[in-house]
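# Examining the three-dimensional arrangement
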Amino acid sequence: MNRSTAPLRGHARPGHGWSPVLAPLPVYQASTREIGGLFPLLVASPMPAVGARIGYDVQSGGAFYCHPVEWVLRSGLATNPNIALFGEPGRGKSSTVVAFALRMLNFGVRTLISGDVKGEYTPVVRALGATPIELGAGSHARVNALDLGPLTARWQTWTARRQRDELSSVLGRWVQLLAALAESQGHPPSVSDEAALAAVLRRLVGASDGNTRLRPITIPDVHRELAAPDSQLWRDLRYEGRPDFLHQLRPMTDALANLISGALAGMFDAPTTVAIDWDAPVQSMDLSRLRSRGDTAVAVALTCLGAWSSLATDLRDDGDIRIVVRDECWRQLRLGPRAVAAIDAELRLSRLEKIIQILVLHKLSDLYSVGATGSQAVSIAKDLIALCSTRVLFGQSTRVADDLADALALTGPEHQRLTGPVNERLGRALWKTENHPAHLVQTVLSSFEKRLFDTNAQLRPTAGRGRGEGRSRG
């Protein structure tokens, strides 16, 4: 009672309820259609608020979250946890992937970058206390493309039936890998080639001898068996004789020889010298040192790493959800139909293996340029879109946007956003989950993420050098 009376508008201090309008406040009544322009949050987003907080929905202003596994299990928004990102260079694809990976750490989901072509993820990996696996010139790291990995450690604990099933799966992957590598060297393998590869692989690991332990093998071992076969091998494969065997399989043998002595010599044809640290929050395989060796060398490296990391992730001990990022996978797709089939197989197993596969592409034509029009390779590549329930569409030219709109069955308003609002800011994209309405989402990076992940760093003046000093003098 002994306090002074408060002003009509309240005290003009934080927390004291100051109002710019005198009481009583005016009241306006209108329909939700009329008031929607002033207060657009009348309709909540149908996306569940679970998972990594990516940014905000540009249209509603609400926060946007992403957890592909939860979208499959609880919401019914997706049929698989895979994600495909499309966008021109510099539109924010990689930074969005980094933001998603870092924020999914809060849910115990770790990430493997299966082939960092430009070395963009290396600063992030080092900042988190891990050491990236660097392959290429000057590096002693080796990855055996035919590494048995955790299969050897678990072999003794499995029943005979489980051993047969797991070994058949691994050998099938290896045959497809070697066939894809041979195709990258200009030789499309035949059915007979694949049968010979399967027989050689079984002999080398010791499966045909009934051994209780598997023997480690490398690509040079396979080449040696094909180049100098014993009589039992060509008889089992029903060749007329040793000369006939050597003649028929010479293209395959020469293709494997090119891998051993070519641009990738020493990196994928020797025993593995590195190990994936599954306790690391993010692990990366840096291929930036390979860029000088050409696109084919990088594509072959991506294929080898894809096969190696797939075996390691499939047979990991913890059984947790993992994110596998396939950056610039369009390079691998151009190796041929079998390279496309390898990615297709990994996407189909994502639900079973609890892996969120992320494909980073530029445009839709990346999938159409893997072979001749109407070919099997193009058909499989087109199906890759269907195996990625979540499609993230960044800024594109009008022509490319038209192709995406047709392929993904975008509505008229969604198509307009793809050519309009999406291009207004970096990191803005249209998030589309199968047949559900798309969301215009702006990725928001923290100061930590901005500092560590700057794809334009090489274009900026370095410390101690003025802007004028960076220009060439004619």
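Residues numbered from 1 in each chain as written. Predicted model: local features only at pLDDT ≥ 70, side-chain atom pairs only at ≥ 80, totals over all residues. Heavy atoms only, no water.

Glancing now at the packing of helix H18 (residues 398–407) against helix H19 (residues 412–419). In a packed pair of helices, the relevant descriptors are the angle between the two axes and the axis-to-axis distance. Viewed as axis vectors pointing N to C, H18 and H19 meet at an angle of 150°, and their least axial separation amounts to 10 Å. If you check the angle between H18 and H19, you find them roughly antiparallel. Crossing of H18 against H19: the hand is right-handed. Together, Thr398, Ala401, Asp402, Leu404 and Ala405 of H18 and His415, Leu418 and Thr419 of H19 make up the contact between the two elements. Its residues placed into classes, the contact of H18 with H19 shows four nonpolar, three polar and one charged. (Axes fitted to C-alpha atoms, helices over the stretch in contact; angles between N-to-C directions. Helix = DSSP H or I, 4+ residues; strand = E, 2+ residues; numbered from the N terminus. Parallel < 35°, antiparallel > 145°, perpendicular 65-115°, else oblique. Left-handed = near helix turned anticlockwise from the far one by under 90°. Contact = heavy atoms within 4.5 Å. Nonpolar A, V, L, I, M, F, W, Y, C, P; charged D, E, K, R; others polar.)

Now for the pairing of strand S4 (residues 110–116). The buried fraction of S4 is high, at six of seven residues. Looking at chain direction, S4 and strand S7 (residues 322–326) are connected through four bridges and run parallel. Bridge pairing in S7 places Leu112 opposite Val324. By the bridge criterion, four bridges tie S4 to strand S6 (residues 282–286) in an arrangement that is parallel. Within S6, the residue paired with Asp116 across the bridge is Asp286. (Buried < 20%, exposed > 50% of the residue type's maximum accessible area, 1.4 Å probe, protein only. Pairing = 2+ DSSP bridges.)

As for its placement among the helices and strands, Asp402 is situated in helix H18. The class for Asp402 is partly exposed, based on a relative accessible area of 29%. Taking the C-alpha atoms as reference points, Asp402 and Thr419, separated by 17 residues in sequence, lie 8.7 Å from one another.

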